[in-house]
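# Chains, contacts and geometry: an overview
This is what each chain is made of:
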Amino acid sequence: MNLQLCNVSFSYNHKKVFSDLSVDFSDGKLIAVGGNNGSGKSTLLKLVAGILEPACGQIFIDDREYKQLGRRDLAQKISYVPQFIETAFDLQVIDFLTMTAERRQPFSKKELFEKAYTALERVGIEDFAQRNINELSGGERQKVLIANALSQNAPLMLLDEPVSHLDWSSQIEIFKLLREIVTNENCKIIVIAHDINLIAMYCSHVLLMKNGEVVTYGKTSEILEPQVIQSVFDLKVRNVDNYFMPIA
Ligand code: ADP
């Protein structure tokens, strides 16, 4: 899938976040977005999701500008997973998946259930189907969100910090799952992530941002170097056996 942002500018009211930002994500499969808090990662993801609109500039998906595409077209191409979901009422996992899909695609009830179960199986959580979503652990809930995104069969998945509240082993499990998804499915995933070592281990490509600007984008193996990490995060690191360790 081709995905390009060309000379994009964006402000919240009078607060400028991006001016003239360009990046071409066409090459990457599992793409991490990293950078300190406030660098613009979530805003970038929301622009790519079509939730926010650029003030100037253009975004292209498969060579069509977003403005030429209707809401339904974009919804079929992109699934967006926010950081949290809270449901005010008790909802079974299977109902959450089918209700979300129903709003996006005109399938029969039977088809909706089949698609939802297939997505739960793909993530390995078919046993959760009848569980109450509010009674799942953080890691289990994250997997439900990923299954929900998968059930939409969109070729582009956008995940905003899917592991930020998870324990170490669940973080690794989620990144392994994302890598499996891009290997087995014809899709691209862009994921906001903070752990530079998880990015180095699992992501094919990385975009590093600072103060609303793209510092660099490309293959993880070519980009992640101590000097680059130092300039993006203002943190001295050294490379030990391909892991980045902060210098105390
Ligand atoms: P990150 O995801 O890297 O932490 P964000 O994209 O959330 O960064 O934020 C980028 C900048 O935009 C920050 O300075 C933040 O304070 C500001 N910002 C984010 N959301 C809003 C909003 N809804 N209204 C006003 N300013 C916002």
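Source: prediction; values computed, not measured. (Residues numbered from 1 in each chain as written. Predicted model: local features only at pLDDT ≥ 70, side-chain atom pairs only at ≥ 80, totals over all residues. Heavy atoms only, no water.)

The next point concerns the environment of A119. Looking at the element boundaries, A119 is found in helix 4 (residues 109-123). For the pair A119 and I146, spaced 27 residues apart in sequence, the C-alpha to C-alpha distance is 8.7 Å. Apart from the residues lying within four places of it in its own chain, the contact partners of A119 are L97, A147, L150 and S151. (Helix = DSSP H or I, 4+ residues; strand = E, 2+ residues; numbered from the N terminus. Contact = heavy atoms within 4.5 Å.)

On inspection of all chains with the given rule, the structure shows 5 salt bridges. Taking the shortest distance from any N to any O, the salt bridge between E185 and R122 comes out at 2.5 Å. Here R122 lies in helix 4 and E185 lies in the loop between helix 6 (168-184) and strand 8 (188-192), a separation of 63 residues in the sequence. Residue classification places E185 among the partly exposed positions, given a relative accessible area of 24%. Residue classification places R122 among the partly exposed positions, given a relative accessible area of 29%. We note a salt bridge from E173 to K143, for which the minimum N-O separation is 2.5 Å. Taken together, the positions of E173 in helix 6 and K143 in helix 5 (residues 138-151) put the pair 30 residues apart, joining distant regions of the chain. Under the relative-accessibility criterion, E173 is labelled partly exposed at 40%. (Salt bridge = Lys/Arg side-chain N within 4 Å of Asp/Glu carboxyl O. Buried < 20%, exposed > 50% of the residue type's maximum accessible area, 1.4 Å probe, protein only.)

When you line up the elements, D160 lands in the loop between strand 7 (156-159) and helix 6. No salt bridge is formed by the buried D160. Its closest oppositely charged neighbour is K46, at 5.6 Å. Among the polar contacts listed, one links the side chain of D160 to the side chain of S42, at a separation of 3.0 Å. Discounting residues that sit within four places of it in the chain, D160 has contacts with S42, L45, Y80, V81, P82, Q83 and I192. (Lys, Arg positive; Asp, Glu negative; His and termini not counted. Polar contact = N/O pair within 3.5 Å; in protein donor to acceptor, adjacent residues only side chain to side chain.)

We now examine unusual backbone geometry. Backbone geometry places N211, a non-glycine residue, at a positive phi of 45°. Within the chain, D241 stands out as a residue other than glycine whose phi angle is a positive 50°. Position of D241 relative to the elements: it lies in the loop between strand 11 (237-240) and strand 12 (243-246). Classification of D241 by relative accessible area gives exposed; the value is 69%.

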